[in-house]
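# Notes for the structure review
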Amino acid sequence: MAGFHFQGTSALALDAKGRLSVPARQREVLRAIPEDRLTLTRHPDGCLMVFPRTVWDAFRARIESLPLSASGWKRLLLGSAMDVDLDSAARVLISPELRAAAALGREVLLIGMGNHLELWDVQRHSAAEAALLQQPMPVLLQDFSF
């Protein structure tokens, strides 16, 4: 899916039923995509990845092609994947299993990552970001011009 991208961070709150209201700027991007179906799955860093369905299909094919030695990662990524629809109020229901897997509390961050979004618990994200900033910059970024 060329021509769209998610970026920026939105601080949000899950409602009592575990629903997330998609912010207006992300809804605008989603409107450019033919269907309102999303796929959520676990991320190895402890958050959830939120994919438009068409992007998920390509990602899933890449995961499915991994060798047997990666079966644990395939299980994590494919076994926890769930399709969800945006309701009429632009909300997405996050299943109890995925909320538990990502330790999502009420306060969450929805972070644009180009072709998908990440959904983080606020405290977990703060800890992960603090740990990241304590590490040296990766060699890959050392010659990057900011």
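In this report, the structure presented in the accompanying data block is examined. Given the structure is predicted, the values throughout are model-derived calculations rather than measurements. The residue numbering used here restarts from 1 in each chain and proceeds along that chain's sequence as written. Given that this is a predicted model, residues contribute local features only at a pLDDT of at least 70 and side-chain atom pairs are listed and counted only at 80 or more, while totals for whole chains, interfaces and linings are drawn from all residues. Side-chain descriptors were evaluated using all non-hydrogen atoms of the structure, hydrogens and water having been removed beforehand.

### Quick notes on the sheet that holds strand 7 (residues 107-112)
Rules: One bridge is not enough; two strands pair if DSSP finds at least two bridges between them. What counts as a helix is a DSSP run of H or I of at least four residues, what counts as a strand is a run of E of at least two, and both are numbered from the N terminus. For helices, the fitted axis covers only the stretch in contact; all axes are lines through C-alpha atoms, and the angles between them, taken along N-to-C directions, range from 0 to 180 degrees. The contact criterion used throughout is that any non-hydrogen atoms of two residues lie within 4.5 Å.
Across the sheet, 6 strands lie side by side as 1-7-8-4-3-5; this open sheet has antiparallel pairing. On the outer flanks of this sheet lie strand 1 (9-13) and strand 5 (82-85), each paired with one strand and no other. Here the average twist between neighbouring strands, direction ignored, is 30°. Across the sheet, helix 2 (residues 53-64) touches strand 3 (37-42), strand 4 (48-52) and strand 5, and the angle it forms with strand 4 is around 115°.

### Observations regarding the layout of surface pockets
Definition in use: Here a cavity is any set of points on a 1 Å grid over the protein atoms alone where a 1.4 Å probe fits but cannot get out, and a pocket is any open set with protein on both sides within 12 Å along at least 5 of 7 lines; a residue lines the site when it has an atom within 4 Å of a point. Grid points are joined across faces, edges and corners, and a volume is the space filled by probe spheres set on the points. Asp, Glu, Lys and Arg are counted as charged, while Ala, Val, Leu, Ile, Met, Phe, Trp, Tyr, Cys and Pro are counted as nonpolar; the rest, among them Gly, fall into the polar class.
Of the pockets and cavities examined, the largest pocket occupies roughly 210 Å³. Lining the largest pocket are His43, Asp45, Glu118, Trp120, His125, Ala128, Glu129 and Leu132. Tallying contributions element by element places helix 5 (residues 122-134) first for the lining of the largest pocket, with 4 residues. By residue class, the composition of the lining of the largest pocket is 3 nonpolar, 2 polar and 3 charged. The computed volume of the second largest pocket comes to approximately 170 Å³. Around the second largest pocket, the lining residues are Leu132, Leu133, Gln135, Pro136, Met137, Pro138, Leu141 and Phe146. Classifying every residue of the lining of the second largest pocket by side-chain character gives 7 nonpolar, 1 polar and no charged.

### A word on the nonpolar core
Rules: Joining through side-chain atoms within 4.5 Å is the link that ties buried Ala, Val, Leu, Ile, Met, Phe, Trp, Tyr and Cys residues into a set, and such a set is a nonpolar core. Using a 1.4 Å probe on the protein chains alone, a residue whose accessible area is under 20% of its type maximum counts as buried, one over 50% counts as exposed, and one in between counts as partly exposed.
Core analysis: the biggest nonpolar cluster contains 32 residues, and Leu38, Leu40, Val92, Ile94, Leu104 and Leu119 have the highest contact counts within it. Discounting chain neighbours no more than four positions away, the residues touching valine 92 are Gly18, Arg19, Leu20, Val22, Leu38, Leu40, Val84, Asp85 and Leu86.

### So, the packing of aromatic side chains
What counts, and what does not: A pair of aromatic rings is counted whenever rings of Phe, Tyr or Trp (Trp by its six-membered ring) have centres within 6.5 Å, and the orientation is called stacked for planes under 30 degrees apart, edge-to-face for over 60 and tilted otherwise.
For the coordinates displayed, the defined rule picks out 3 aromatic pairs. Summarising the aromatic geometry, the rings of phenylalanine 51 and phenylalanine 59 are spaced 4.8 Å apart at their centres and angled 25° between planes, so their arrangement reads as stacked. For the residue pair phenylalanine 51 and phenylalanine 59, the accessibility class agrees, reading buried in each case. Taking the centre distance of 5.7 Å and the plane angle of 45° together, the rings of tryptophan 56 and phenylalanine 59 count as tilted. With a gap of 3 residues between them, tryptophan 56 and phenylalanine 59 both fall in helix 2, about one helical turn apart.

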